[in-house]
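Tertiary structure, described
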Amino acid sequence: MDKKYHIWTEGCQMNVADSQRVGSALEHLGYAFTGNAEEADVIVLNTCVVRQSAEDKALGRLHSLRPLKDRNPNLVINLMGCLVGVRGAEKLQKKLPFVDVFSPPSDPGPLVSFLTQGEIQSLVDAETTRRFMMMDDELVLPLHERGQLVSAHIPVVYGCSHACTFCIIPYRRGIERSRPVGDIVGEARSLAAQGVKEITLLGQIVDRYGKDIPDGPNLAGLLRVIHEVEGIERIRFLTSHPNYFGEDLLDAVAELPKVMPHFEIPIQAGDDTVLENMKRGYTQADYRRLVDKIRAKAPGCSIATDIIVGFPGETDEQFMETYRVLSDLRLDVAHLARYSPREGTVSARRMDDDVSAEEKMRRFRLLEALQEQIVGEINAQYLGQTVEVLFEEKVKGRWKGRTPTNKLVFVESEDELRGQILPVSVTWTGPWSMQASLVRQPVTL
Ligand code: SF4
């Protein structure tokens, strides 16, 4: 009988992509996916610690597995991701004796070698990792995703060498390491062969792709290479950083029809002193100039950002700079977060978390209401427009898909629309999604 594996993933797209690669390695080893942890022979918990709440959730999920291990000592439990980090797991091993394997982010090696050689070995070198993850150069999707998954993520840069004072990622994912172009193209091809139509290239600062590979292509160059992969209809990339967003990248987006005009560029705060204390490396004026440049070269594009409210020392006046910049720039998305000190970061070590929880929530709510109004107005401009939508899946009887500008659209249809890019006419808009009707009958697949 097939041995089964279950993967529990929390956190960012990078974690989703990492879990997919662990799944691929386990599929290669003959394991089959189960959605029910109780049925599994191997359970992988891929964790996030970007906020205390995420860390608590991961530990809670882990401890809920203990009875399963007590009942079945042969069950293999693998703790992976940012809770483990790149600095090894000695401390965790003492605290969590019922966990069999501890794996750094993006590294399926320890689990694969534990299952194949009965011993834990970290596969630090890329070639060995690649051999385990992509035997015969194929990234195998779990059975239930083959032919079903329309949009997939491909990590292109692991880690981050920037040092934002609030961020735990460099401590948990290590310094930036770009992946070889061949691996990325190999994955894109194998995903396309399994029905994937859209690829999102991932990096903490994706614009820095290739900076550590002499004579290798940068992100703009990589986009041009991936653009030639047959079967891939749409390409996206995230997350950008204002300091590394080059002119050639904008040219590539403007010239390459498969590259979608949607940008993810965190500003984090509006006030220059707060940005300085965050060590972001740019000013509000720099960010405004970048947005103007992007909108000039890619008219009609969409821009998303990240904002932290209540950073140590942030006064109400400084917060109002964030409010003002969002009101002026009218961005399509703002991922909002309240500052949460992360153990080990510079801000947690050197700065007082002096903005009260109530005040953080007040500022958060103010920006939330502002963005809801702005995005509602932006989306209202789509009403009656015809836009191209890539359909991903059926949710509660309606087809869900996205426009090139990453807007969420729902359509009623009895036909099989999965993986099709079809023109739709927008009939209703709201701040978070739209409804539309098919302009013409879909191709019967
Ligand atoms: S750029 Fe800053 S916020 Fe982003 S991952 Fe790197 S250190 Fe963290």
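Bear in mind the structure is a predicted one, so any value in this text is a computation, not a measurement. (Residues numbered from 1 in each chain as written. Predicted model: local features only at pLDDT ≥ 70, side-chain atom pairs only at ≥ 80, totals over all residues. Heavy atoms only, no water.)

Some details on the environment of valine 50
- The topology assignment puts valine 50 in the loop between β3 (42-47) and α2 (52-63).
- The spacing of valine 50 and serine 340 is 290 residues in sequence and 8.6 Å in space, taken between C-alpha atoms.
- Look past the residues within four positions of valine 50 in its chain and what remains in contact with it is Ile168 and Arg342. (Helix = DSSP H or I, 4+ residues; strand = E, 2+ residues; numbered from the N terminus. Contact = heavy atoms within 4.5 Å.)

Let's talk about the domain arrangement of the protein chain
- Segmenting the protein chain into domains produces domain 1 (4-128), domain 2 (151-380) and domain 3 (386-438).
- Domain 2 and domain 3 are separated by 25 Å when their C-alpha centres are compared.
- In this complex, domain 2 contributes 19 residues to the contact, which on the side of domain 3 involves 16 residues.
- Between domain 2 and domain 3 lies a buried interface of about 1400 Å² when both sides are counted; carbon and sulfur atoms form 57% of it. (Domains from an automatic or database assignment. Buried area = accessible area lost by both parts, 1.4 Å probe.)

Some thoughts on the pattern of salt bridges
- Scanning the entire structure with this criterion turns up 29 salt bridges.
- Glutamate 255 is the partner of arginine 224 in a salt bridge, and the nearest nitrogen-oxygen pair spans 2.9 Å. Residue arginine 224 is found in helix α9 (residues 219-226), and its partner glutamate 255 is found in helix α10 (residues 247-255); the two are separated by 31 residues along the sequence.
- One salt bridge in this structure joins lysine 297 and glutamate 247, with 3.7 Å as the shortest N-O distance. (Salt bridge = Lys/Arg side-chain N within 4 Å of Asp/Glu carboxyl O.)

Points about the sheet that holds strand β2 (residues 32-33)
- Ordered in space as β2-β1-β3-β4-β5, the five strands form an open sheet in which the pairing is parallel. Of all the strands in the sheet, the pair left with one neighbour each is β2 and β5 (101-103).
- Relative to β3, strand β1 (residues 4-9) is paired through five bridges, and the arrangement is parallel. Opposite tryptophan 8, over in β3, you have leucine 45 as the bridge partner.
- In the packing of helix α1 (residues 13-28) onto the sheet, contacts are made with β1, β2, β3 and β4 (76-81), and the angle to β1 comes to roughly 175 degrees. (Pairing = 2+ DSSP bridges. Axes fitted to C-alpha atoms, helices over the stretch in contact; angles between N-to-C directions.)

What to know about the packing of aromatic side chains
- Under the definition given, this model contains five aromatic pairs.
- Here the aromatic rings of phenylalanine 166 and phenylalanine 311 are separated by 6.5 Å at their centres, their planes lie at 80 degrees, and the arrangement is edge-to-face. Here the residue phenylalanine 166 occupies a position in the loop between β7 (157-158) and α7 (169-173), and phenylalanine 311 occupies one in the loop between β12 (302-309) and α13 (316-329), the gap between them amounting to 145 residues.
- Judged by centre distance (5.3 Å) and plane angle (75 degrees), the rings of phenylalanine 311 and tyrosine 339 are edge-to-face. With phenylalanine 311 in the loop between β12 and α13 and tyrosine 339 in the loop between β13 (333-338) and α14 (346-350), the pair connects residues that are 28 residues apart, well separated along the chain. (Phe/Tyr/Trp six-rings, centres within 6.5 Å; stacked < 30°, edge-to-face > 60°.)

Overview of the sheet that holds strand β9 (residues 198-202)
- In space, the three strands of this open sheet follow the order β6-β9-β10, with parallel pairing throughout. Single-partner strands in this sheet number two, and they are β6 (151-155) and β10 (234-238). Across this sheet, the average inter-strand angle for adjacent strands is 25 degrees, counted without regard to direction.
- Bridge analysis of β6 against β9 gives five bridges, and the strand direction is parallel.

Describing the pairing of strand β15 (residues 398-402)
- Strand direction decides the pairing type here: strand β14 (residues 386-395) and β15, joined by five bridges, are antiparallel. By the bridge assignment for β15, glutamate 393 is matched with lysine 400.
- Linking β14 to β15, which pair antiparallel, is a turn of two residues; within it lysine 396 sits at a positive phi near 45 degrees.
- Adjacent in sequence and paired antiparallel, β15 and strand β16 (residues 408-411) are bridged by five residues, among which asparagine 406 carries a positive phi angle near 65 degrees.

Some remarks on the pairing of β1
- The pairing of β1 with β2 spans two bridges and is parallel. Bridge pairing in β2 places lysine 4 opposite alanine 32.
- Read from β1 through α1 to β2, the crossover connection turns out right-handed. (Right-handed = clockwise from strand over helix to strand, strands pointing away.)

Remarks on the layout of surface pockets
- The space that makes up the second largest pocket amounts to roughly 590 Å³.
- Leu83, Val84, Lys91, Arg172 and Glu343 are the residues nearest the centre of the second largest pocket, which is lined by 20 residues in total.
- For the lining of the second largest pocket, the secondary-structure elements that each account for two or more residues are α2, α4 (90-95) and α7.
- With four residues, α4 is the single largest residue contributor to the lining of the second largest pocket.
- Of the residues assigned to the lining of the second largest pocket, the class counts are eight nonpolar, four polar and eight charged.
- Residue assignment places the lining of the second largest pocket across two domains, with domain 1 (4-128) and domain 2 (151-380) each supplying three or more. (1 Å grid on protein atoms, 1.4 Å probe; cavity = no way out; pocket = protein on both sides within 12 Å on 5 of 7 lines; lining within 4 Å. Points joined across faces, edges and corners; volume = space filled by probe spheres on them. Nonpolar A, V, L, I, M, F, W, Y, C, P; charged D, E, K, R; others polar.)

Focus: the environment of glycine 430
- Along the chain, glycine 430 turns up in the loop between β17 (421-429) and β18 (434-438).
- On the basis of relative accessibility, which here comes to 6%, the residue glycine 430 falls in the buried class.
- C-alpha of glycine 430 to C-alpha of histidine 28: the two residues are 402 residues apart in sequence and 44 Å apart in space. (Buried < 20%, exposed > 50% of the residue type's maximum accessible area, 1.4 Å probe, protein only.)

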